[in-house]
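Notes for the structure review
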Amino acid sequence: MSVTDGLRSSVAAVRLWFSPARVRAEGTTPDYRFSLANERTFLAWLRTGLALVGGGFAVDQFLPRLHEGVRLAFTVVLLAGGALCALRAVNHWVRCEQAMRRGEDLPVSRFPTVLALAVGLLAVAVVVLVLVGWTG
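Presented here is a report on the structure given in the accompanying data block. (Residues numbered from 1 in each chain as written. Predicted model: local features only at pLDDT ≥ 70, side-chain atom pairs only at ≥ 80, totals over all residues. Heavy atoms only, no water.)

Observations concerning the pattern of salt bridges
Counted by the stated rule, this structure contains five salt bridges. Arginine 101 is the partner of glutamate 97 in a salt bridge, and the nearest nitrogen-oxygen pair spans 3.8 Å. Separated by four residues within a single helix, glutamate 97 and arginine 101 lie in helix H4 (residues 68–102), roughly one turn from each other. What makes arginine 101 buried here is its relative accessible area of 6%. Of the charged contacts in the structure, one is a salt bridge between glutamate 104 and arginine 102, with a shortest N-O distance of 3.8 Å. Each of Glu26, Arg102 and Glu104 takes part in salt bridges that share partners, so that together they form one network. (Salt bridge = Lys/Arg side-chain N within 4 Å of Asp/Glu carboxyl O. Helix = DSSP H or I, 4+ residues; strand = E, 2+ residues; numbered from the N terminus. Buried < 20%, exposed > 50% of the residue type's maximum accessible area, 1.4 Å probe, protein only.)

Right, here's the structure in full:
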């Protein structure tokens, strides 16, 4: 696959985010309970993204004594993680909806594992910083 083909494929995927009617036109309508479950999962990912964004603002606003470079790094990581989570939510919703309509297996993703590891590492880093005394 060339770079141009990859870019076209990505643009086509993003277009589906803004055109749910095109997703619905594909395949056959699944049991509505599955579509609603897919939507609940989408909303849960959005809540996770919002929580990460809130955590980024909290680190920036409520840890002023934290070393400035560390505070900025944590803030940016949390804000970027929240943005990625929101983008991943809509991408996963579309992919799952398409798979259900086509009668295919649901798509698998490594994103939950990566997100969990990143949040865990960030939490461990904060604990270490508190123990070392870089917060004051």
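Points about the nonpolar core
Among the nonpolar cores identified, the biggest contains 13 residues, and Trp45, Phe74, Cys85 and Leu115 are the most heavily contacted of them. Sorting the residues of this core by element identifies helix H3 (32–62), H4 and helix H5 (111–132) as the ones contributing at least two each. Looking at this core, the element that brings in the most residues is H4, giving five residues. Excluding anything up to four places from it in sequence, cysteine 85 contacts Trp45, Thr48, Gly49, Leu52, Phe111 and Leu115. (Core = buried A, V, L, I, M, F, W, Y, C linked by side-chain atoms within 4.5 Å. Contact = heavy atoms within 4.5 Å.)

Looking at the packing of H4 against H5
Geometrically, a packed helix pair is captured by the angle between its two axes and the distance between the axes. The geometry of H4 relative to H5 is characterised by a closest axis approach of 12 Å and an angle of 160° between their N-to-C directions. One finds that H4 runs roughly antiparallel with respect to H5. For the crossing formed where H4 meets H5, the hand is left-handed. For the pair formed by H4 and H5, the contact residues are Val70, Phe74, Val77, Leu78, Leu84, Cys85 and Arg88 on the first element and Phe111, Leu115, Leu122, Ala125, Val126 and Leu129 on the second. (Axes fitted to C-alpha atoms, helices over the stretch in contact; angles between N-to-C directions. Parallel < 35°, antiparallel > 145°, perpendicular 65-115°, else oblique. Left-handed = near helix turned anticlockwise from the far one by under 90°.)

Some remarks on H4
Counting along an α-helix, one turn takes 3.6 residues, and residues three or four places apart therefore face a common direction. Across its 35 residues, H4 extends 50 Å between first and last C-alpha, which sits within 8% of the 51 Å expected from 1.5 Å per residue. Glycine 103 lies just past H4 and shows a positive phi near 75°. (Expected span 1.5 Å × (residues − 1).)

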